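Each chain is listed here by its residues.
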Amino acid sequence: MSKKLEIILEKITSISFYLFVFSLPWQIKYIIEPAATNFNEISLYASHIFLFITVLSFLVYKIKNAKFNKKVSFIWLLISGFSLFVFASFFFALNQDLAYYRFIVYLFSLGIFFLLREEARPGAYERSIISRTKTIIVFISSIFFHATLAIYQFLTQSSFSFKYLGLAKHSPDVLGTSVVESATGRWLRAYGGFDHPNILGGVLAFSLILGLYLLVRKKIISSKNEMIQSMFLFIFYFTGLLA
């Protein structure tokens, strides 16, 4: 592989991976086959597009550049067995199209697992394609918008719909909306950009742990970029706690 092509594939893989991480918490999608529930519908999410680009570009890079291990690890044998079990379930699926759709997403998700596992292998490549710190920063940057939106929703006791970001309208006056009931009335629980407040809470808790992990690691700030990064982490941490 030429050096130029190698660098291009590395850039495509890293940029599309970070875009995948950023878009993952958002419900931006094109509905191909609608259904009564999100679980049964067939949709193309924005994160799916970046997922496909990431996996395909990395596989080309892997085939052309890196060395394959001759020995197959036990974990891949387990994954192969499970994949055959999933494939066999097609014959019992009530909705064949949905089964194929889920299986394709599952295979590309294995591609991301393969990418991250290869990146963790010491000496596998000349330079790392994916940065752990950048990945966390990109993820919590995406969650920062959810946290800000959640604070707005609670303070105004309303939420707006915006189909291009997958945001749904929620009102405390509508039955079925997640609320806290008290003597003063029904209080809307913050959804952020998720389907339920509990999902928002879980993602925020996970993100706060990641943010704290980066803050603890930064014992010495030696550059302007590290100072800006630390300031952002502090802002995100307190915004996330408030949300």
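Shown above is the structure to which this text applies.
These figures come from a predicted structure and were not determined experimentally.

A.B. asks: Looking at this model, I keep getting lost on the environment of histidine 170. Mind explaining?
C.D. replies: With respect to the element layout, histidine 170 can be found in the loop between helix H5 (132-156) and strand E3 (179-182). Residue histidine 170 is classed as buried on the basis of its relative accessible area, which comes to 15%. Expressed as a C-alpha distance, the spacing of histidine 170 and glutamine 157, which sit 13 residues apart in the sequence, is 9.0 Å. Beyond its immediate stretch of four places on either side in the chain, histidine 170 contacts Ser158, Ser159, Thr177, Leu188 and Tyr191.

A.B. asks: Hey, could you run me through the packing of helix H2 (residues 46-64) against helix H4 (residues 96-119) in this one?
C.D. replies: Relative placement of two packed helices is described by the angle separating their axes and the distance separating the axes. Direction vectors running N to C along H2 and H4 enclose 50 degrees, while the axes themselves pass 9 Å from each other. As far as their axial angle goes, H4 and H2 are oblique. Two packed elements cross with a definite hand, and for H2 against H4 that hand is left-handed. Across the interface between the two elements, His48, Leu51, Phe52, Thr54, Val55, Leu56, Phe58, Leu59 and Lys62 of H2 pack against Tyr101, Val105, Phe108, Ser109, Gly111, Ile112, Phe114, Leu115 and Glu118 of H4. Of the residues in the contact of H2 with H4, the class split is 12 nonpolar, four polar and two charged.

A.B. asks: How should I be thinking about helix H1 (residues 3-23) in this particular structure?
C.D. replies: Given 3.6 residues per helical turn, the α-helix brings residues three or four places apart onto the same face. In a regular helix each residue adds 1.5 Å, so 21 residues correspond to 30 Å; H1 covers 30 Å between its end C-alpha atoms and thus fits that length. The complete set of buried residues in H1 reads Glu6, Leu9, Glu10, Thr13, Ser14, Ser16, Phe17, Tyr18, Phe20, Val21 and Ser23. Against the buried residues of H1 lie H2, H4 and H5.

A.B. asks: How should I be thinking about the nonpolar core in this particular structure?
C.D. replies: Side chains of nonpolar character tend, in soluble globular proteins, to be buried together. One finds Phe17, Ile112, Phe139, Ile140 and Ile143 to be the most contacted residues of the largest nonpolar core, which totals 35 residues. Sorting the residues of this core by element identifies H1, H2, H4, H5, helix H6 (197-217) and helix H7 (224-242) as the ones contributing at least two each. By residue number, the principal contributor to this core is H5, which donates eight residues. Once you skip the residues sitting within four places of it in the chain, isoleucine 140 turns out to touch Ser207, Leu210, Phe232, Leu233 and Phe236. Of all hydrophobic cores here, the second largest spans seven residues; its members include Ile79, Ala99, Phe103 and Tyr106.

A.B. asks: What's the story with the packing of H5 against H7 in this structure? I'm lost.
C.D. replies: The contact between H5 and H7 brings their axes to 9 Å, and the two run at 40 degrees. Viewed along their axes, H5 and H7 adopt a mutual orientation that is oblique. In the packing of H5 onto H7, the handedness of the crossing is left-handed. Contact with H5, carried on its side by Thr133, Ile137, Ile140, Ser141, Ile143, Phe144, Ala147, Thr148 and Ile151, involves Gln229, Phe232, Leu233, Ile235, Phe236, Thr239, Gly240 and Leu242 of H7 and no other residues of that element. Tallied by class, residues from the contact of H5 with H7 come to 11 nonpolar, six polar and no charged.

A.B. asks: Teacher, can you tell me more about the side chain of serine 16 here?
C.D. replies: Position of serine 16 among the secondary structure elements: in helix H1. A distance of 2.6 Å separates a polar atom in the side chain of serine 16 from the backbone oxygen of isoleucine 12. Other than its neighbours up to four places away in sequence, serine 16 contacts Phe50, Ile53, Thr54 and Ser57.

A.B. asks: Which parts of the structure should I look at to understand the pattern of salt bridges?
C.D. replies: With the rule as written, the count across this model stands at three salt bridges. For glutamate 41, the salt bridge is made with lysine 29, and the minimal N-O distance between the two is 2.4 Å. Taken together, the positions of glutamate 41 in the loop between strand E1 (29-33) and strand E2 (42-45) and lysine 29 in strand E1 put the pair 12 residues apart, joining distant regions of the chain. Glutamate 41 gets classed as buried once you look at its relative accessible area, which sits at 5%. A relative accessible area of 28% means that lysine 29 is categorised as partly exposed. A salt bridge links glutamate 181 to arginine 186; its shortest N-O distance comes to 3.3 Å. Residue glutamate 181 is classed as exposed on the basis of its relative accessible area, which comes to 59%.

A.B. asks: How should I be thinking about the packing of aromatic side chains in this particular structure?
C.D. replies: Given two aromatic rings, their pairing is described by the distance between the two centres and the angle made by the two planes. All chains considered together, the criterion is met by 22 aromatic pairs. Ring geometry for phenylalanine 82 versus tyrosine 106: centroids 5.9 Å apart, planes at 65 degrees, classification edge-to-face. Within this pair, whereas phenylalanine 82 is found in helix H3 (residues 74-88), its partner tyrosine 106 is found in helix H4, the two being separated by 24 residues in sequence. For phenylalanine 82, a relative accessible area of 46% translates into the label partly exposed. Members of the aromatic cluster, connected to one another through ring pairs, are Phe82, Phe85, Phe87, Phe90, Phe91, Tyr100, Phe103 and Tyr106. The ring of phenylalanine 39 has arginine 102 lying over it, and the distance from NZ or CZ to the ring centre is 5.1 Å.

Each value, and the rule that gives it
Residues numbered from 1 in each chain as written. Predicted model: local features only at pLDDT ≥ 70, side-chain atom pairs only at ≥ 80, totals over all residues. Heavy atoms only, no water. Helix = DSSP H or I, 4+ residues; strand = E, 2+ residues; numbered from the N terminus. Buried < 20%, exposed > 50% of the residue type's maximum accessible area, 1.4 Å probe, protein only. Contact = heavy atoms within 4.5 Å. Axes fitted to C-alpha atoms, helices over the stretch in contact; angles between N-to-C directions. Parallel < 35°, antiparallel > 145°, perpendicular 65-115°, else oblique. Left-handed = near helix turned anticlockwise from the far one by under 90°. Nonpolar A, V, L, I, M, F, W, Y, C, P; charged D, E, K, R; others polar. Expected span 1.5 Å × (residues − 1). Core = buried A, V, L, I, M, F, W, Y, C linked by side-chain atoms within 4.5 Å. Polar contact = N/O pair within 3.5 Å; in protein donor to acceptor, adjacent residues only side chain to side chain. Salt bridge = Lys/Arg side-chain N within 4 Å of Asp/Glu carboxyl O. Phe/Tyr/Trp six-rings, centres within 6.5 Å; stacked < 30°, edge-to-face > 60°. Lys NZ or Arg CZ within 6 Å of the ring centre and 35° of its normal.

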